[in-house]
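# What the coordinates show
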Amino acid sequence: MLNHPALPQEFEARVILDSNKARTKAFSQYTQNETHFLSIQVPLWFQSNAFLTLTQDISDTYNMLGRILRDILLINLSAIFLILFYALFLSRMMLVPIKILTNKLSSMNEGFLKSVDIITLPKEFTPLGNGINRLIERIQTFVKYQKELFIGTAHELKTPLAVMKTKNEVTLLKPRERERYVEALRNNITTINEMNAMISAILEIGRQEGAQFEEPVNIEMVDFLHKRLNDFRILAHQEEKSIKEIIDFEVYNIQTQQTLLIHILQNFVQNALKFSPQGATVTVHAYIKSERLHIEVHDEGDGIDESKDLFAPFKRYGNKGGTGLGLFLAKGAAGALGAHIDIANHKEGKGAVATLILPKQKQ
């Protein structure tokens, strides 16, 4: 072993003679008596089998690295635990509004429908709360209309049945001439036809409710209106009336449910033709206002009583007959489309104006 003043005290230097070793630098690490050493072996130039070996005690460095490794592992484990705890806590906090919404929705039925208070919800859940409230509003409207429809249907069908029964009983009280029996039967047939028309209208409600689940399609409104109004012109011609169209745009594409849109337009035009006198012109005006599509149907009739609820089921106004369900169905179809409909008297002339305003299209 060589001790040289130029070498640090923790180093030991040895010259080894070994002709079997390759003349290259070599590093090694070993432990002796629980002490850790690092050794480097360098070939000497003045003799072919001579090597200089430098050895240093690295126990302190080894122990320090061990402590650093343990500290890193401990820190990583603590960080993982904190991350998991925070994630669990955050997920529970995020689930609280969902649980509140779930409890509120699970306690609802058609007798208790109440909007969700979105003020108490985190901002992230506001769109969800608004969507649920819109759904609740639609359910409330649907339930209200259904109740009105069932009550009205029972009343409308019960009355003609009672009248038929009374007429038959009176006719059978005593023998009568043949013409009296024929008249009673004809009256019954007329009443049955009216009831069949009402049942057909009620069935139309079922078809309309099915159409609400129809997949929205892209419709180019100029072509759509041209085709539909051409069909209505045949009906108008039969009644010695005409249809005029005014379209204030060249191209307008809309994503909507076609069956419901056709139903509303058909109801507006048929009502306009029904309440307009012979030789009259029904005008259909389509235009864009505030990024919304407006379709107005002008008739040349006597106008309407704006104090009446024209959209209530089984409400008939004027002397034109009908089931009283047309505008009720149109209102339901508009609600399903997110659209708005209205009927008012013409401000600058005779007749009424039925207006359909479709919602803005998403970009």
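Figured I'd write up the structure that's included with this text. Just so it is clear, the model here is predicted, and its values are computed rather than measured.

## Focus: the sheet that holds strand E10 (residues 340–345)
Ordered in space as E6-E8-E9-E11-E10, the five strands form an open sheet in which the pairing is mixed. Taken across any chain shown, the strands that pair with only one partner, and hence form the sheet edges, are strand E6 (242–247) and E10. Each neighbouring strand pair of the sheet contributes to a mean axis angle of 15°, computed without reference to strand direction. In the sheet, E6 pairs with strand E8 (residues 281–289) via six bridges, with the strands oriented parallel. The partner of Ile243 across the bridge, within E8, is Val282. Contacts between helix H4 (residues 221–238) and the sheet are confined to E6, E8 and strand E9 (292–298), with E6 contributing the most and set at about 170° to the helix.

## Focus on the sheet that holds strand E1 (residues 11–17)
The antiparallel open sheet is built from four strands, whose spatial order is E1-E4-E3-E2. Only two strands of the sheet have a single neighbouring strand rather than two, namely E1 and strand E2 (26–32). The mean angle between the axes of side-by-side strands here comes to 25°, regardless of whether they run parallel or antiparallel. In this structure, E2 lies alongside strand E3 (residues 35–43), joined through seven bridges in antiparallel fashion. By the bridge assignment for E3, Tyr30 is matched with Phe37.

## Thoughts on the packing of aromatic side chains
On inspection of all chains with the given rule, the structure shows two aromatic pairs. Between Tyr30 and Phe37 the ring centres are 5.4 Å apart and the planes differ by 25°, which places this aromatic pair in the stacked class. Judged by centre distance (5.7 Å) and plane angle (55°), the ring pair of Phe249 and Tyr252 falls under tilted. A residue is classified by how much of its surface remains accessible, and Tyr252, at 15% relative accessible area, is buried.

## Focus: the environment of Ala13
Position of Ala13 among the secondary structure elements: in strand E1. A sequence separation of 26 residues divides Ala13 from Ser39, and the C-alpha atoms of the two residues are 9.6 Å apart.

## Side note on the nonpolar core
Formed by 42 residues in total, the largest nonpolar core has its most connected members in Met221, Ile243, Ile295 and Leu356. Broken down by secondary-structure element, the contributors of at least two residues to this core are H4, helix H5 (258–275), E8, E9, helix H6 (326–337), E10 and strand E11 (352–357). For this core, the element with the most residues is H5, which contributes nine residues. Non-local contacts of Leu356, meaning those with residues more than four positions away in its chain, are made with Leu261, Ile264, Phe268, Leu293, His294, Ile295, Ala339, His340 and Ile341. Grouped together as the second largest cluster of nonpolar side chains are six residues, Leu121, Phe125, Ile132 and Ile136 included.

Reading the values: rules and limits
- The residue numbering used here restarts from 1 in each chain and proceeds along that chain's sequence as written.
- Local features in a predicted model are, by the rule used here, given only for residues with pLDDT of at least 70; side-chain atom pairs are given and counted only at 80 or more, and totals for whole chains, interfaces and linings are based on all residues.
- For side-chain calculations, the full set of non-hydrogen atoms in the structure is used, while hydrogens and water are omitted.
- DSSP calls a pair of strands paired once it identifies at least 2 bridges connecting them.
- Segments assigned H or I by DSSP are reported as helices when at least four residues long, segments assigned E as strands when at least two residues long, and all are numbered from the N terminus.
- Axis definition: a line fitted to C-alpha atoms, limited for helices to the stretch in contact. Angles are taken between N-to-C directions and run from 0 to 180 degrees.
- In this analysis, two residues are considered to be in contact whenever any of their non-hydrogen atoms come within 4.5 Å of each other.
- Two rings from Phe, Tyr or Trp (for Trp, the six-membered ring) form a pair when their centres sit within 6.5 Å of each other. Planes less than 30 degrees apart are called stacked, planes more than 60 degrees apart edge-to-face, and all others tilted.
- To sort residues, take the accessible area from a 1.4 Å probe on protein chains only and compare it with the maximum for the residue type: under 20% means buried, over 50% means exposed, and anything in between is partly exposed.
- Nine residue types can take part in a nonpolar core, namely buried Ala, Val, Leu, Ile, Met, Phe, Trp, Tyr and Cys, and a core is a set of them joined through side-chain atoms within 4.5 Å.

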